[in-house]
Amino acid sequence: MIKRDDCIRLIAEHHTDQIVVPLYQAAFEWHAIKPWPLTYYAFGAMGQGSSHGLGFALGRPDKRVIVLDGDGSILMNLGTLVTIASVAPPNFIHFVFENGSYEANGDHPIPGVGKVNLAGIAREAGIAKSYEFDDIDVLAAELPSLLKMTGPVFVDLKVVKGDDYEYRWDVVHGPESREIFREAMKNA
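**A few points about helix α6 (residues 118-125)**
Phase 1 of the analysis: For α6, the set of buried residues is L118, A119, G120, A122 and A125.
Phase 2 of the analysis: The elements touched by buried residues of α6 are α4 (71-75), α5 (79-87), β4 (92-98), β7 (129-133) and β8 (153-160).
Phase 3 of the analysis: One or two positions beyond α6, positive phi appears at G126, with a value near 115°.

**A closer look at the environment of D163**
Phase 1 of the analysis: Locating D163 in the fold gives a position in the loop between β8 and α8 (169-172).
Phase 2 of the analysis: Of the residues examined, D163 reaches a relative accessible area of 43% and is grouped as partly exposed.
Phase 3 of the analysis: With sequence-adjacent residues up to four places away left out, D163 is seen in contact with K3, D5, R9 and E29.

**Details of the packing of α5 against α6**
Phase 1 of the analysis: For the pair α5 and α6, interaxial distance at closest approach is 8 Å and the crossing angle is 45°. Accordingly, the angle class assigned to the pair α5 and α6 is oblique. In this structure, the crossing between α5 and α6 has a hand that is right-handed. In this structure, α5 contributes L81, V82 and A85 to the contact, and α6 contributes I121, A122 and A125.
Phase 2 of the analysis: Split by residue class, the contact of α5 with α6 holds six nonpolar, no polar and no charged.

**Digging into the packing of aromatic side chains**
Phase 1 of the analysis: With the rule as written, the count across this model stands at three aromatic pairs.
Phase 2 of the analysis: Arranged with centres 5.0 Å apart and planes meeting at 65°, the rings of Y40 and F56 form a pair that is edge-to-face. Of the two residues, Y40 sits in the loop between α2 (24-33) and α3 (49-59) while F56 sits in helix α3, which places them 16 residues apart along the sequence. Taken individually, Y40 and F56 each receive the classification buried, so the pair is uniform in this respect.
Phase 3 of the analysis: A ring pair is formed by F56 and F181, whose centres lie 5.3 Å apart and whose planes are at 65°; its orientation type is edge-to-face. Of this pair, F56 sits in helix α3 while F181 sits in helix α9 (residues 175-187), and the two are 125 residues apart along the sequence.
Phase 4 of the analysis: Owing to a relative accessible area of 8%, F181 belongs among the buried residues under this scheme.
Phase 5 of the analysis: Site record: aromatic cluster; members linked through ring pairs are Y40, F56 and F181.
Phase 6 of the analysis: One cation-aromatic arrangement involves R178 over Y40; the distance from NZ or CZ to the ring centre is 4.6 Å.

**Some words on the environment of Y167**
Phase 1 of the analysis: Within the secondary structure layout, Y167 lies in the loop between β8 and α8.
Phase 2 of the analysis: By relative accessible area, Y167 is classed as partly exposed at 43%.
Phase 3 of the analysis: When the C-alpha positions of Y167 and Q25 are compared, they lie 8.5 Å apart, and in sequence the two are 142 residues distant.
Phase 4 of the analysis: Apart from residues no more than four positions distant in its own chain, Y167 is found in contact with Q25 and F28.

**Things to note about the packing of helix α1 (residues 4-14) against α2**
The angle between the axes and the distance between the axes are what describe a pair of packed helices.
Phase 1 of the analysis: Running from N to C, α1 and α2 cross one another at 50°; their axes reach a closest spacing of 10 Å. In terms of orientation, α1 and α2 fall into the oblique class. In terms of crossing hand, the pair formed by α1 and α2 is right-handed. For the pair α1 and α2, the contacting residues are R4, D5, I8, R9, I11 and A12 in the first and Q25, A26, E29, W30 and I33 in the second.
Phase 2 of the analysis: The residue makeup of the contact of α1 with α2, split by class, is six nonpolar, one polar and four charged.

Definitions and limits used
- Residues numbered from 1 in each chain as written.
- Predicted model: local features only at pLDDT ≥ 70, side-chain atom pairs only at ≥ 80, totals over all residues.
- Heavy atoms only, no water.
- Buried < 20%, exposed > 50% of the residue type's maximum accessible area, 1.4 Å probe, protein only.
- Helix = DSSP H or I, 4+ residues; strand = E, 2+ residues; numbered from the N terminus.
- Contact = heavy atoms within 4.5 Å.
- Axes fitted to C-alpha atoms, helices over the stretch in contact; angles between N-to-C directions.
- Parallel < 35°, antiparallel > 145°, perpendicular 65-115°, else oblique.
- Left-handed = near helix turned anticlockwise from the far one by under 90°.
- Nonpolar A, V, L, I, M, F, W, Y, C, P; charged D, E, K, R; others polar.
- Phe/Tyr/Trp six-rings, centres within 6.5 Å; stacked < 30°, edge-to-face > 60°.
- Lys NZ or Arg CZ within 6 Å of the ring centre and 35° of its normal.

Written out as structure tokens, the structure is:
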């Protein structure tokens with residue numbers, strides 16, 4: 001297992017100019033590790049981050065889009081995987097942090113813990129480039145090529161909680177963040 005914030009630090013190290021769509025815990029961690037104007041905080045719409053990211057990928061085919069999702073969230077919208085596979089945006093990469101719980105809602109276990117293979121579900125939905133990692137060194141070696149692949153790409157990361165991060169509600173729900181994102185999209 002990998003600490004989620006170690007994964008996010010690694011992604012941040014390789015991040016260049018991509019649009020980033022982080023959800024819930026990943027949103028707080030992404031903001032603390034790499035505040036970025038092209039970050040669309042998909043907070044309060046559990047399950048919809050992949051759909052939001054897909055919309056950005058289709059609307060801005062000139063920009064790569066990185067979604068930082070949770071396992072509980074993707075389970076609430078599995079149909080999006082079929083849609084992503086069908087439209088096959090070449091600029092879309094979907095990271096799912098699998099910790100087996102609805103962490104944002106009190107750490108309740110997700111259905112199918114230990115039985116569900118998210119990368120397998122993505123592959124069966126038609127996303128041929130579906131991977132899973134549970135070792136940070138292997139992820140570090142593969143991440144540069146994953147980020148350059150023609151999408152869609154699905155990456156299931158087997159994680160545990162990392163450090164504690166401040167819950168910046170003003171950022172994830174704030175109108176200032178939306179305005180920063182809107183202006184960055186105009187200029188990107």
